[in-house]
Amino acid sequence: MRYRFAKTRNGGQKGQISMAKGMFRRAVSDAEQLATASRQEGEDYVLFSYPDYDTYRKVQEAGNKAKLGAQYVKKSHIFFLARHLTEALGQVGFGLCHGVRRGKEQAWFRRVLKGAEVIGTDISETATQFPNTVQWDFHEPNPAWAGKADFVYSNSWDHAYDPGKAFRAWVESLKPGGVLLLDHSAGHQPRTTNALDPFGATEAGLMRILAESCGDLGQVSGVLDRSTEADYPCRVVVFTRSAVTAEAQVPAAAKTARPKAAAKPKPAPAPKAEARPKAEAKAKPAPKATVKAKAAPKAKAATAKAGTSTG
C-alpha cells in the first residue's frame, strides 16, 4: 500500500510524500529480510505465506514501527463513510476499525458519529500509545465484540496472512444488519503485494473471497464508488450481515425441538411402570398355590393313618 501525506501549511507536500515513500521502502526492505515468504498466486489474488506465525507477527510489528508516522487514509474519506453509515443505519452505537496504526480512522469516525464508541486495532505494541486503540491481531475473533458492531472498517486487509479467517472474524463482530466496509484502491491490487503487505486482490477477487468465507452470514450489498476522488481514489466494498443468519437460526430451531423431543418419551415409561406391579402381583400368588398343593398330601396321609387306626 502506498502512503501519502496531506499538504502542510508551508507547502511541503512533495517532501512529505518523499518521506512517506522512503518509509515504505524501508519497511518493505526490513520485512523481506525478516521473512522468507513464499508467493501463492491465483487468477484474482496474490498471497504471501510465512514459515510460521511468529515470523508474520515480527514482520508486521517491524513494518508498523517503520511507518508509524505515515497516514494513508484521508479524513475526507472517513467523513464520507461516517455520513453514509448515518444515512444507511441511522444511529450508530459501536464500530471497529482494523489495522489503524496511529488511530486516526476511529478518531475521525467518532467526530462525525456523535456518541458512538469506535475502537481501532493494531497488531503492534505501539497501539497502546494512541487513544481508543487496542493491540489485537485482527484475524482473531473477540468474544467481547461478537454480534455488537454496527460497522467494521478496514483499509488494511492487505496485511492479512489468511484473509478468509480475518473477514469472517470481522463479519461475526457485526450485529444483524451491520456492515463491513473494505476500501479497494490501486494499493490493494495483486501486483502490489510484498512480504509486508502479503495479500492483494482484484475487486472481483475480494468479493469472491468474502462470499466463500462469509456467505452463510450475509452478502456483498454494494460498492461505494470514490474512484474519482483526488486525495484518496478508491471503491468501497460493502458486505451486510443478514438480519437473521443461518448461524442464528440453528440454535433457535434446536431450542424449539428439544422440549418437544423431551415431552414425547415421558408418557412411555408410565405404562411400563404400571405393567411391572401387575406382573409381580400375578407372580406372588403362585408360590401360595404351590404351598397349598404340598399341604394336600399331608392331609391325605393323616386321614389314611386315622383310617388304619380306626379299622
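Just above sits the structure.
The text that follows walks through the structure, step by step, so that each part is easy to find. (Residues numbered from 1 in each chain as written. Predicted model: local features only at pLDDT ≥ 70, side-chain atom pairs only at ≥ 80, totals over all residues. Heavy atoms only, no water.)

## As for the sheet that holds strand β7 (residues 174-184)
Right, on to step 1. Strand order in the open sheet formed by seven strands is β5-β4-β3-β6-β7-β10-β9, and the pairing between neighbours is mixed. On the outer flanks of this sheet lie β5 (133-135) and β9 (218-226), each paired with one strand and no other. Adjacent strand axes in the sheet meet at a mean angle of 20 degrees, parallel and antiparallel pairs treated alike.
Right, on to step 2. Where β7 lies against strand β10 (residues 234-241), six bridges are found, and the strand directions are antiparallel. Across the sheet, residue Leu181 finds its bridge partner in β10, namely Val238.
Right, on to step 3. Against the sheet, helix α5 (residues 163-173) makes contact with β3 (94-98), β6 (149-154), β7 and β10, and its axis sits at roughly 140 degrees relative to β7, the strand it touches most. (Pairing = 2+ DSSP bridges. Helix = DSSP H or I, 4+ residues; strand = E, 2+ residues; numbered from the N terminus. Axes fitted to C-alpha atoms, helices over the stretch in contact; angles between N-to-C directions. Contact = heavy atoms within 4.5 Å.)

## Quick look at the sheet that holds strand β2 (residues 45-49)
Right, on to step 1. Taken together, the three strands give an open sheet; going across it, the order is β1-β2-β8, and neighbouring strands pair in antiparallel fashion. Of all strands in the sheet, those bounded by a partner on one side alone are β1 (38-41) and β8 (199-201). On average, adjacent strands in this sheet sit at an angle of 15 degrees to one another, irrespective of strand direction.
Right, on to step 2. Note: β1 against β2, four bridges, orientation antiparallel. Note that in β2 the partner of Glu41 across the bridge is Val46.

## Re the side chain of Asp122
Right, on to step 1. Structurally, the position occupied by Asp122 is in strand β4 (residues 117-122).
Right, on to step 2. Summary of buried charges: Asp122 has no salt-bridge partner, and the nearest side chain of opposite charge, Arg101, is 5.6 Å away.
Right, on to step 3. Apart from residues no more than four positions distant in its own chain, Asp122 is found in contact with Asn64, Gly99, Val100, Arg101, Ala127, Val134, Gln135 and Trp136. (Buried < 20%, exposed > 50% of the residue type's maximum accessible area, 1.4 Å probe, protein only. Lys, Arg positive; Asp, Glu negative; His and termini not counted. Salt bridge = Lys/Arg side-chain N within 4 Å of Asp/Glu carboxyl O.)

## Side note on empty space enclosed by the protein
If you roll a probe as big as a water molecule over the atoms, it shows you where there is empty space left.
Right, on to step 1. By the definition in use, this model includes three cavities of 30 Å³ or more.
Right, on to step 2. Taken as a whole, the largest cavity holds about 210 Å³ of empty space.
Right, on to step 3. The wall of the largest cavity is formed by 16 residues, among which Gln60, Gly99, Asp122, Ile123 and His159 lie closest to the centre.
Right, on to step 4. Tallying contributions element by element places helix α2 (residues 53-66) first for the lining of the largest cavity, with four residues.
Right, on to step 5. Of the residues contributing to the lining of the largest cavity, the split by class is five nonpolar, seven polar and four charged.
Right, on to step 6. A volume near 50 Å³ is recorded for the second largest cavity.
Right, on to step 7. Lining the second largest cavity, in full, are Gln71, Tyr72, Val73, Gly99, Val100, Arg101, Glu105, Asn155 and Ser156.
Right, on to step 8. Among the residues forming the lining of the second largest cavity, the class breakdown is three nonpolar, four polar and two charged. (1 Å grid on protein atoms, 1.4 Å probe; cavity = no way out; pocket = protein on both sides within 12 Å on 5 of 7 lines; lining within 4 Å. Points joined across faces, edges and corners; volume = space filled by probe spheres on them. Nonpolar A, V, L, I, M, F, W, Y, C, P; charged D, E, K, R; others polar.)

## Points about the side chain of Asp183
Right, on to step 1. Tracing the backbone shows Asp183 in strand β7.
Right, on to step 2. The buried charged residue Asp183 lacks any salt bridge, with Arg226 as its nearest oppositely charged partner at 7.4 Å.
Right, on to step 3. A polar contact is formed between the side chain of Asp183 and the side chain of Tyr232, at a distance of 2.7 Å.
Right, on to step 4. Setting aside residues no more than four positions away along its own chain, Asp183 makes contact with Val73, His77, Leu81, Tyr153, Ser154, Asn155, Trp157, His188, Tyr232, Cys234, Arg235 and Val236. (Polar contact = N/O pair within 3.5 Å; in protein donor to acceptor, adjacent residues only side chain to side chain.)

Treat this as a map of the structure, not an account of what it does.
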